[in-house]
Amino acid sequence: MPLQQTNEYGKVNVSDEVITVLAGSAALECYGLVGMASRKQLKDGITELLGRENLTRGVEIRQETDSVHIDLYIIVSYGTKISEVAHNVQNRVKYVMGDVVGLQVDTVNIFVQGVRVSR
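As the structure is a computational prediction, the values presented were derived from the model and not from experiment.

K.L.:
Quick rundown of the pairing of strand S6 (residues 68-77)? Include the residues and the values.
P.N.:
Burial analysis of S6 places nine of its 10 residues in the buried class, which makes it a mostly covered element. Both strand S3 (residues 33-37) and S6 contribute to a ladder of three bridges, which runs antiparallel. Across the sheet, Leu33 pairs through a bridge with Val76, a residue of S6. Inspection of the sheet shows strand S5 (residues 59-63) paired to S6 by five bridges, in the antiparallel sense. Bridge pairing in S6 places Gln63 opposite Val68. The hairpin turn running from S5 into S6, its antiparallel successor, is four residues long. Of the pairings in the sheet, the one linking S6 to strand S7 (residues 107-116) comprises nine bridges and is parallel in character. Each bridged residue has a counterpart across the sheet, and for Leu72 the counterpart in S7 is Ile110. Considered for its hand, the β-α-β crossover made up of S6, helix H2 (residues 82-101) and S7 is right-handed.

K.L.:
I'd like to hear about the side chain of Ser67, residue by residue, with values.
P.N.:
Looking at the secondary structure, you find Ser67 in the loop between S5 and S6. Overall, Ser67 belongs to the buried group, its relative accessible area being 12%. Engagement of the side chain of Ser67 in a polar contact is seen with the side chain of His69, the distance being 3.4 Å. Contact partners of Ser67, with chain neighbours within four places excluded, come to Arg62 and Asp106.

K.L.:
How would you explain the pattern of salt bridges if you had to name every residue and give the values?
P.N.:
Scanning the entire structure with this criterion turns up two salt bridges. Notably, a salt bridge pairs Glu29 with Arg92, separated by 2.5 Å at the nearest N-O pair. Placement of the pair is Glu29 in the loop between helix H1 (16-28) and S3 and Arg92 in helix H2, with a sequence separation of 63 residues. Residue Arg62 pairs with Asp71 through a salt bridge whose shortest N-O separation is 3.1 Å. You can call Arg62 partly exposed: its relative accessible area is 32%.

K.L.:
An account of the environment of Tyr78 is requested, with residue identities and associated values reported.
P.N.:
With respect to the element layout, Tyr78 can be found in the loop between S6 and H2. Classification of Tyr78 as exposed rests on a relative accessible area of 60%. Between the alpha carbons of Tyr78 and Gly114 there is a distance of 9.4 Å; along the sequence they are 36 residues apart. Leaving out residues up to four positions away in the same chain, Tyr78 has contacts with Val115, Arg116 and Val117.

What counts as what
- Residues numbered from 1 in each chain as written.
- Predicted model: local features only at pLDDT ≥ 70, side-chain atom pairs only at ≥ 80, totals over all residues.
- Heavy atoms only, no water.
- Buried < 20%, exposed > 50% of the residue type's maximum accessible area, 1.4 Å probe, protein only.
- Helix = DSSP H or I, 4+ residues; strand = E, 2+ residues; numbered from the N terminus.
- Pairing = 2+ DSSP bridges.
- Right-handed = clockwise from strand over helix to strand, strands pointing away.
- Polar contact = N/O pair within 3.5 Å; in protein donor to acceptor, adjacent residues only side chain to side chain.
- Contact = heavy atoms within 4.5 Å.
- Salt bridge = Lys/Arg side-chain N within 4 Å of Asp/Glu carboxyl O.

Listed below in structure tokens is the structure:
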């Protein structure tokens, strides 16, 4: 369900894919985040690290009557404090959604799917 905003000049429709790409891009700017995880492979217990071209697969948008919820499936870097990385991602995504799209997000849920050890 696309986001629709109305102003004195007319209507603006923002698709869900645009929102998911913005949320994924905002999350990847945070320190300690290696990448997004695929939601489809979570059933098998295998987590696939996604590149920048597949940001939409690691983000899920749920719109209810007057609230928006974003779920992010992420992989963090080894040696970082997971709670701090998650908190930074939540703040960054909420800020970008409000600043770029004008969308007030109620919750940003973080699901840490793995830890990547650098070589």
